[in-house]
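One-letter residues, chain by chain:
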Amino acid sequence: MKVVSTSKSHGGVQGVYSHTSDVCACDMTFAVFVPPQAKDGPLPVLWYLSGLTCTHANVMDKGEYRRLASELGLVIVCPDTSPRGADVPDEKDNWQFGCGAGFYLDATQEPYAKNYRMYSYITEELPAFVAANFPVDMSRQAIFGHSMGGHGALTIALKNPQRYRSCSAFAPIVQPSTANWSRPAFERYLGSDEKSWRAYDATLLIEDGKRFPEFFVDQGTADGFLQDGLRPWLLEEGCRKAGIDLTLRMQEGYDHSYNFISTFMDDHLKWHAGRLG
Ligand SMILES: N[C@@H](CCC(=O)N[C@@H](CSC=O)C(=O)NCC(=O)O)C(=O)O
């Protein structure tokens, strides 16, 4: 593991690290905040998945999670959103595909299948790496995220309900396989058979029988992506039919930015901490 940077904050350490990922066949960078309680033993770990165009740094710089994470004794891990590097296929002028737009899935189509394996990276390789290198109690994990990362958190929790004690999201893409901003990426990563897309679509996973006990979602009413891209009412309907407990808070006047996320970050951290013990 390469230490990119460390910096003391609220008694803990905000670090940025990189490692060689076999799964993504490139070097990957991620951020970890370790609160001061780590000196007394392993701590619960909360995974934050970021949205389109982000790296590990957006939430680290603008999410405002460290003060309360320190108080609550939560380790916060913030991975990148895609593979990157000179050998990774990309489309520089397309923010909804390629680097920064990995959609937390395992691509099956060439030339993307070699590197774009963010589902396996987030659920297998990075957890094993974090467990081996940080003071974490892997029996106490939770996951949350924003937008594309909200989609990632919901789908990963639905597919691994025994691993995560809780899941929440800020303005998640709840049905990416039918939204115009994500459909083209799904087709290019997964091929034209839309049946294979269902494995990476929260509302369709629920329709297909996957379950998670409860979700907590915040959504701004002034979010420019609300009507066409995010559509939380689809998740509301799916959860209602499936008997999944969904707390959906429509936050008046808030947009899609980190000003919205940081406003409600404390509520999400407290909600997860209450379930992580
Ligand atoms: N470049 C786009 C806007 C991209 C954008 O809003 N990205 C969001 C996530 S969107 C869904 O996954 C984000 O988190 N951006 C990073 C940030 O720091 O705000 C455009 O120009 O419209």
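Since we're looking at a predicted model, the values are computed, not measured.

**Overview of unusual backbone geometry**
Backbone torsion omega between Glu110 and Pro111 reads 5°, so that peptide bond is classified as cis. Turning to its location among the elements, Pro111 is positioned in the loop between β5 (75–79) and α3 (118–133). With a phi angle near 55°, Glu64 is a residue other than glycine that sits in the positive phi range. For Glu64, the position within the fold is in the loop between α1 (57–62) and α2 (66–72). Residue class for Glu64 comes out exposed when judged on its relative accessible area of 56%. Backbone geometry at Tyr104 places phi at a positive 55°, although glycine is not the residue there. Mapped onto the elements of the fold, Tyr104 is located in the loop between β5 and α3.

**Brief notes about the confidence of the model for the protein**
On average, the protein scores 98 in pLDDT, and the residues at 70 or more come to 100%. Here the prediction assigns the complex a pTM of 0.98, and the interface score ipTM is 0.96.

**Let's talk about the pattern of salt bridges**
Close approach of charged atoms lets side chains of opposite charge pair. Under the criterion given, the structure shown has 16 salt bridges. Note that Glu71 is salt-bridged to Arg67, the shortest N-O span being 3.5 Å. Taken together, the positions of Glu71 and Arg67, both in helix α2 and 4 residues apart, correspond to about one turn of that helix. Note that Glu91 and Arg188 form a salt bridge whose closest N and O atoms lie 2.6 Å from each other. With Glu91 in the loop between β5 and α3 and Arg188 in helix α5 (residues 183–190), the pair connects residues that are 97 residues apart, well separated along the chain. For Glu91, a relative accessible area of 25% corresponds to the partly exposed category. Arg188 sits in the partly exposed class, given a relative accessible area of 30%.

**Thoughts on the environment of Tyr164**
Along the polypeptide, Tyr164 turns up in strand β7 (residues 164–170). Sequence spacing of Tyr164 and Arg275 is 111 residues, and the spatial spacing of their C-alpha atoms is 9.8 Å. Once residues within four sequence positions are removed from consideration, Tyr164 is found in contact with Trp47, Ile122, Thr123, Gln141, Ala142, Ile143, Ile156, Ala157 and Phe212.

**Some points on the site of the ligand**
In the vicinity of the ligand, 14 residues are found, and the nearest of them are Leu52, Asn58, Lys62, Ser147 and Met148. For the ligand, an oxygen atom lies 2.6 Å from a polar atom in the side chain of Lys62. In the environment of the ligand, an oxygen atom lies 3.0 Å from a nitrogen or oxygen atom belonging to the backbone of Met148. Within the complex, the protein chains bury 70% of what would otherwise be the 540 Å² of accessible surface of the ligand. Looking at the shell around the ligand residue by residue, the class counts come to 7 nonpolar, 6 polar and 1 charged.

**Topic: the nonpolar core**
If you look at the biggest cluster of nonpolar residues, it comprises 94 residues, and the most contacted ones within it are Phe103, Tyr189 and Phe215. The element that contributes the greatest number of residues to this core is helix α9 (residues 258–276), accounting for 8 residues. Those residues in contact with Phe103 that sit more than four places away from it in its chain are Leu52, Thr81, Gln96, Met148, His151, Ile173, Trp181, Ser182, Ala185, Phe186 and Tyr189.

**A closer look at the environment of Ser5**
One can find Ser5 in strand β1 (residues 2–9). A sequence separation of 24 residues divides Ser5 from Thr29, and the C-alpha atoms of the two residues are 11 Å apart. Residues within four places of Ser5 in sequence aside, it is in contact with Gln14, Gly15 and Val16.

**A closer look at the side chain of Ser82**
Here Ser82 lies in the loop between β5 and α3. Within the local environment of Ser82, its side chain forms a polar contact with the backbone nitrogen of Gly100, the two atoms lying 2.8 Å apart. Among all residues touching Ser82, those that are not within four sequence positions of it are Met28, Gly98, Cys99, Gly100, Ala101, Gly102, Tyr116 and Met118.

**Points about the pairing of strand β2 (residues 12–21)**
Extensive coverage of β2 is indicated by the burial of 8 of its 10 residues. Relative to β2, β1 is paired through 7 bridges, and the arrangement is antiparallel. Note on β2: the bridge partner recorded for Ser7 is Gln14. Between β1 and β2, which pair antiparallel in sequence order, lie 2 residues; one of them, His10, sits at a positive phi of approximately 50°. As defined by bridge partners, β2 adjoins strand β3 (residues 26–34) across 9 bridges and the pair is classed as antiparallel. When the sheet's bridge partners are listed, Gly15 is paired in β3 with Val32. Between the antiparallel neighbours β2 and β3 lie 4 residues, among them Ala25 with a positive phi of about 55°.

What counts and how
- Residues numbered from 1 in each chain as written.
- Predicted model: local features only at pLDDT ≥ 70, side-chain atom pairs only at ≥ 80, totals over all residues.
- Heavy atoms only, no water.
- Helix = DSSP H or I, 4+ residues; strand = E, 2+ residues; numbered from the N terminus.
- Buried < 20%, exposed > 50% of the residue type's maximum accessible area, 1.4 Å probe, protein only.
- pLDDT = per-residue confidence, 0-100.
- Salt bridge = Lys/Arg side-chain N within 4 Å of Asp/Glu carboxyl O.
- Contact = heavy atoms within 4.5 Å.
- Near = heavy atom within 4 Å.
- Polar contact = N/O pair within 3.5 Å; in protein donor to acceptor, adjacent residues only side chain to side chain.
- Areas by Shrake-Rupley, 256 points an atom, 1.4 Å probe, with all protein chains shown as cover.
- Nonpolar A, V, L, I, M, F, W, Y, C, P; charged D, E, K, R; others polar.
- Core = buried A, V, L, I, M, F, W, Y, C linked by side-chain atoms within 4.5 Å.
- Pairing = 2+ DSSP bridges.

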